[in-house]
Amino acid sequence: PHLNAGDGLVEVTIPENGEKAKLPAMPFEMNGERFGIRVDLSKPGTHTAETLKAMGYSDDDIAAMQADGVIGVA
């Protein structure tokens, strides 16, 4: 109740079904304004390939992991 009363929750959209949900907001403010949500949630796997590449995995490694069902890439 205290989060609802003080703008302590931000609304996000669940990517799989489009439903709305509320998550706790950052517990601070700047210039009297609370931080809201900058971007909505992404679908699972949306950034998997980019993250693995940044970790040093090759395109072939990523393709093999996807083929083996180790990862899902959206």
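So, a few notes on the structure that sits alongside this text.

The rules we used
Residues numbered from 1 in each chain as written. Predicted model: local features only at pLDDT ≥ 70, side-chain atom pairs only at ≥ 80, totals over all residues. Heavy atoms only, no water. Helix = DSSP H or I, 4+ residues; strand = E, 2+ residues; numbered from the N terminus. Rg over C-alpha atoms; globule rule 2.2 N^0.38 Å. Buried < 20%, exposed > 50% of the residue type's maximum accessible area, 1.4 Å probe, protein only. Contact = heavy atoms within 4.5 Å. Areas by Shrake-Rupley, 256 points an atom, 1.4 Å probe, with all protein chains shown as cover. Lys, Arg positive; Asp, Glu negative; His and termini not counted. Charge placed at Lys NZ, Arg CZ, Asp CG, Glu CD. Core = buried A, V, L, I, M, F, W, Y, C linked by side-chain atoms within 4.5 Å. Pairing = 2+ DSSP bridges.

## Focus on the overall build of the chain
Consideration 1: Looking only at helices and strands, the chain features three helices and four strands.
Consideration 2: The linear arrangement of helices and strands in the chain, starting from the amino end, is α-β-β-β-β-α-α.
Consideration 3: The C-alpha atoms of the chain give 18 Å as radius of gyration, which overshoots the globular expectation for 74 residues (11 Å, by more than 25%).
Consideration 4: Expressed along its principal axes, the backbone C-alpha trace of the chain runs to roughly 50 × 30 × 15 Å.
Consideration 5: Looking at the chain as a whole, 15% of its 74 residues qualify as buried.
Consideration 6: Sequence-distant contacts in the chain: of pairs separated by 6 or more residues, those separated by 24 or more amount to 37%.
Consideration 7: Surface accessibility of the chain: about 5,800 Å² in total, with carbon and sulfur atoms responsible for 55%.
Consideration 8: Both charge centroids of the chain, one from 6 positive and one from 12 negative side chains, sit 7 Å from each other.

## Topic: unusual backbone geometry
Consideration 1: Unusually for a residue other than glycine, Asn31 sits at a positive phi of about 50°.
Consideration 2: As for its position among the elements, Asn31 is in the loop between β3 (29-30) and β4 (33-34).

## Let's talk about the nonpolar core
Consideration 1: Counting residues in each nonpolar core, the largest one holds five residues, listed as Ala49, Leu52, Ile62, Met65 and Ile71.
Consideration 2: Those elements that place two or more of their residues in this core are α2 (48-54) and α3 (59-67).
Consideration 3: Ignoring sequence-local partners within four residues, the contact set of Met65 consists of Leu52, Tyr57, Val70 and Ile71.

## Points about the pairing of strand β2 (residues 20-24)
Consideration 1: For β2, a buried count of zero out of five residues is recorded, marking the element as mostly open to its surroundings.
Consideration 2: Relative to β2, strand β1 (residues 9-13) runs antiparallel, the two sharing five bridges. Note on β2: the bridge partner recorded for Glu11 is Lys22.

The values are spatial; any link to function lies outside them.
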